[in-house]
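# Results of the structural survey
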Amino acid sequence: MSDEQRTITDLGELGDAVAGAADGQGGEGSSAARAPDVPLREPRVDARGRAYATGRRKDAVARVWIKPGRGMLTVNGREGGRYFARPVLRMIINQPLVAAGRLEQYDVWCTVKGGGLSGQAGAVRHGLSRALTNFEPALRGVLKTGGFLTRDSRVVERKKYGKRKARRSFQFSKR
């Protein structure tokens, strides 16, 4: 290590140098100068003007299509509010649309199978987020920071032999 002592004023000078580099004065290699050059992905839309994505959560798998519309949600041929009757489940599904500021701009049509209602709602949310990024690639940053594009990998642990459930033992009998 070096023997020289650093002071608070040295930190101030370092902060000014970093701020100058961020403004583009520091040199050619600053990240602010390269950010606009990053190309966005191309929108992936089919011939009918829809974007498709698959979402997964627990044992549930959701196939989701979105297209511009009035904000209708259709799940397995039924109205979304009827299929997901609990308000919490409807809130989970709407989270990506609220974060992106597109709440009533897209019609969502999806088919879900496997798992329970909670897992299915999470799968629809995941698929909807991925479909939004396919339709509007500029929304990827907003949805990524919200954590909507990450697949929740938690699943139910399997039952082990000699146990009552995954970890629960049988009740011990002393006599």
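Described below are features of the structure shown in this document. (Residues numbered from 1 in each chain as written. Predicted model: local features only at pLDDT ≥ 70, side-chain atom pairs only at ≥ 80, totals over all residues. Heavy atoms only, no water.)

### Some remarks on the packing of helix α4 (residues 87-100) against helix α5 (residues 117-135)
For any two helices packed against each other, one specifies the inter-axial angle together with the distance between the axes. Let me state the cut-off plainly: A fitted line through C-alpha atoms represents every axis, and for helices the fit uses only the stretch in contact; the resulting angles, taken between N-to-C directions, go from 0 to 180 degrees. Put simply, DSSP H or I for four residues or longer makes a helix, DSSP E for two residues or longer makes a strand, and each gets a number counted from the N terminus. Note that the term roughly parallel is reserved for angles under 35 degrees, roughly antiparallel for angles over 145, roughly perpendicular for angles of 65 to 115, and oblique for everything else. Any two residues whose heavy atoms approach within 4.5 Å at even a single point are treated as in contact. As a working rule, the residues Ala, Val, Leu, Ile, Met, Phe, Trp, Tyr, Cys and Pro are called nonpolar, Asp, Glu, Lys and Arg charged, and the rest polar, with Gly in that last group.
One way to put it is that α4 packs onto α5 with a least axis distance of 8 Å and a crossing angle of 10 degrees. Judged by the angle between their axes, α4 and α5 are roughly parallel. For the pair α4 and α5, contact is made by L89, I92, I93, Q95, P96 and L97 and by L117, S118, A121, G122, V124, R125, L128, S129 and L132, respectively. Taken together, the residues that form the contact of α4 with α5 break down as ten nonpolar, four polar and one charged.

### So, the packing of aromatic side chains
Applied cut-off: Pairing of aromatic side chains here covers Phe, Tyr and the six-membered ring of Trp, requires ring centres within 6.5 Å, and sorts the geometry by plane angle: under 30 degrees stacked, over 60 edge-to-face, intermediate tilted. With a 1.4 Å probe rolled over the protein chains alone, any residue whose accessible area is under 20% of its type maximum counts as buried; one over 50% counts as exposed, and the rest are partly exposed.
The full count for this structure, using the stated rule, is four aromatic pairs. Each ring, one from Y52 and one from W65, has its centre 5.0 Å from the other, and the planes form 45 degrees; the classification is tilted. In this pair, Y52 sits in strand β1 (residues 51-57) while W65 sits in strand β2 (residues 60-68), placing the two residues 13 residues apart along the sequence. Judged by its relative accessible area of 14%, W65 is buried. Members of the aromatic cluster, joined through ring pairs, are Y52, W65 and W109.

### Some thoughts on the environment of P43
Residue position: P43 is located in the loop between α2 (31-34) and β1. Classification of P43 as partly exposed rests on a relative accessible area of 44%. Taking the C-alpha atoms as reference, P43 lies 9.9 Å from A131; in sequence the two are 88 residues apart. Discounting chain neighbours no more than four positions away, the residues touching P43 are N134, F135 and P137.

### Observations concerning the environment of R90
Condition: Any pair of N or O atoms that falls within 3.5 Å is considered a polar contact. Within protein, one atom must be able to donate a hydrogen and the other to accept it, and sequence-neighbouring residues count only if both atoms are side-chain atoms.
By the secondary structure assignment, R90 is in helix α4. Overall, the relative accessible area of 30% leaves R90 in the partly exposed class. Once you skip the residues sitting within four places of it in the chain, R90 turns out to touch G81, F84 and A85. A distance of 3.1 Å separates a polar atom in the side chain of R90 from the backbone oxygen of F84.

### A look at the pattern of salt bridges
The criterion, for reference: Only one rule defines a salt bridge in this text: a Lys or Arg side-chain nitrogen within 4 Å of an Asp or Glu carboxyl oxygen.
For the structure shown, the criterion picks out six salt bridges. Of the charged contacts, one joins E157 and R167 as a salt bridge, the two residues approaching to 3.1 Å between their closest N and O atoms. Here the residue E157 occupies a position in the segment after α6 (140-146), and R167 occupies one in the segment after α6, the gap between them amounting to ten residues. Taking relative accessible area as the criterion, E157 reaches 39% and is therefore assigned partly exposed. Taken together, the shared-partner salt bridges connect R57, D152 and R154 into one network.

### Topic: the layout of surface pockets
For clarity, the threshold we go by: Residues are said to line a cavity or pocket when one of their atoms sits within 4 Å of a point; the points come from a 1 Å grid over protein atoms alone, cavities being sets where a 1.4 Å probe fits but cannot get out and pockets being open sets with protein on both sides within 12 Å along at least five of seven lines. Grid points are joined across faces, edges and corners, and a volume is the space filled by probe spheres set on the points.
Its volume calculated, the largest pocket comes out at about 260 Å³. In terms of lining residues, the largest pocket is bounded by 15 residues, among which G71, M72, L73, G81 and N94 are the most central. Residue assignment for the lining of the largest pocket shows that the elements contributing at least two residues are α3 (80-83), α4 and β5 (106-113). Of the residues forming the lining of the largest pocket, the biggest block, four residues, is contributed by α4.

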